[in-house]
Amino acid sequence: MAAPHDGPWLDASAGRLVRPYTVSGGRTRPTAQLDLLTQVMATGGPVIGYLGPEHTEALGLCTAPTSVAEIAAQLKLPAVVTKVLLSDLVDCGALTLRAPDFYHNPTDRSLLEAVLDGLRRQL
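A few words now on the sheet that holds strand S4 (residues 66-67). If you walk across this open sheet you meet the three strands as S4-S3-S5, and the pairing is antiparallel. Of all the strands in the sheet, just S4 and strand S5 (95-98) have a single pairing partner and so form its edges.

A few words on a nonpolar patch on the surface. A cluster of nonpolar side chains, Leu111, Val115 and Leu119, forms an exposed patch at the surface whose accessible area comes to about 240 Å². Tracing the chain through its elements places Leu111 in helix H5 (residues 109-122). According to the relative accessible area criterion, Leu111 is partly exposed, its value standing at 31%.

Our focus in this paragraph is the side chain of Thr38. Relative to the assigned elements, Thr38 resides in the loop between helix H1 (20-23) and strand S3 (39-42). Residue Thr38 is classed as buried on the basis of its relative accessible area of 5%. Leaving out residues up to four positions away in the same chain, Thr38 has contacts with Gln33, Thr66, Ser67, Val68, Leu97, Arg98 and Pro100.

Packing of helix H2 (residues 53-60) against helix H4 (residues 79-91) leaves a shortest axis separation of 10 Å and a crossing angle of 80°. By the angle between their axes, H2 is roughly perpendicular relative to H4. Where H2 approaches H4, its residues Glu54, His55, Ala58 and Leu59 are matched on the opposing element by Leu85, Leu86, Asp88 and Leu89. Its residues assigned to classes, the contact of H2 with H4 shows five nonpolar, one polar and two charged.

Turning our attention to unusual backbone geometry. Backbone geometry places Lys76, a non-glycine residue, at a positive phi of 60°. Counting through the fold element by element, Lys76 comes out in the loop between helix H3 (68-75) and H4.

Relative to the helices and strands, Val80 is located in helix H4. Spatially, the C-alpha atom of Val80 lies 9.3 Å from that of Asp35, the residues being 45 residues apart in sequence.

Below, the discussion takes up the packing of H3 against H4. The N-to-C vectors of H3 and H4 enclose an angle of 105°; their axes lie 9 Å apart at closest approach. As judged from the angle between their axes, H3 and H4 are roughly perpendicular. Mapping the contact onto sequence places Val68, Ile71, Ala72 and Leu75 in H3 and Ala79, Thr82, Lys83, Leu85 and Leu86 in H4. Looking at the contact of H3 with H4 residue by residue, the classes come out as seven nonpolar, one polar and one charged.

Direction of pairing for S3 relative to S4: antiparallel, over a ladder of two bridges. Looking at S4, one finds that Val40 is bridged to Thr66. Two elements, S3 and S5, share four bridges in a ladder whose sense is antiparallel. Looking at S5, one finds that Ala42 is bridged to Leu95.

Conventions and cut-offs
Residues numbered from 1 in each chain as written. Predicted model: local features only at pLDDT ≥ 70, side-chain atom pairs only at ≥ 80, totals over all residues. Heavy atoms only, no water. Pairing = 2+ DSSP bridges. Helix = DSSP H or I, 4+ residues; strand = E, 2+ residues; numbered from the N terminus. Patch = residues over 30% accessible without salt bridge, like charges linked within 9 Å, V, L, I, M, F, W, Y side chains within 5 Å. Areas by Shrake-Rupley, 256 points an atom, 1.4 Å probe, with all protein chains shown as cover. Salt bridge = Lys/Arg side-chain N within 4 Å of Asp/Glu carboxyl O. Buried < 20%, exposed > 50% of the residue type's maximum accessible area, 1.4 Å probe, protein only. Contact = heavy atoms within 4.5 Å. Axes fitted to C-alpha atoms, helices over the stretch in contact; angles between N-to-C directions. Parallel < 35°, antiparallel > 145°, perpendicular 65-115°, else oblique. Nonpolar A, V, L, I, M, F, W, Y, C, P; charged D, E, K, R; others polar.

Next comes the structure, spelled out in structure tokens:
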């Protein structure tokens with residue numbers, strides 16, 4: 001991991017200078033059950049252990065309940081890497097999780113028809 005004086009993690013023309021899986025230490029499986037709709041929020045408690053810059057940035061995005069998908073988009077990281085970072089924060093007590101209140105069946109015909117109708121109105 002680069003020291004603060006080694007320069008930025010992002011370069012305007014080259015993009016991310018560190019491979020995403022380097023951020024998670026090569027781990028691809030989070031320890032907490034997270035999906036893209038899971039809401040996470042900072043506990044405000046003390047953080048135990050070392051946090052990398054991406055952990056700190058993710059924690060800063062969680063001042064209000066925020067979905068895993070939104071955090072991944074803000075961090076510009078793949079969802080699986082974001083889930084690993086967030087599960088690290090859950091494990092150290094910095095975040096709490098809340099599963100979505102409901103799930104829609106993604107193959108539910110009425111839901112798909114409503115989405116299609118909405119798209120047609122936009123065209």
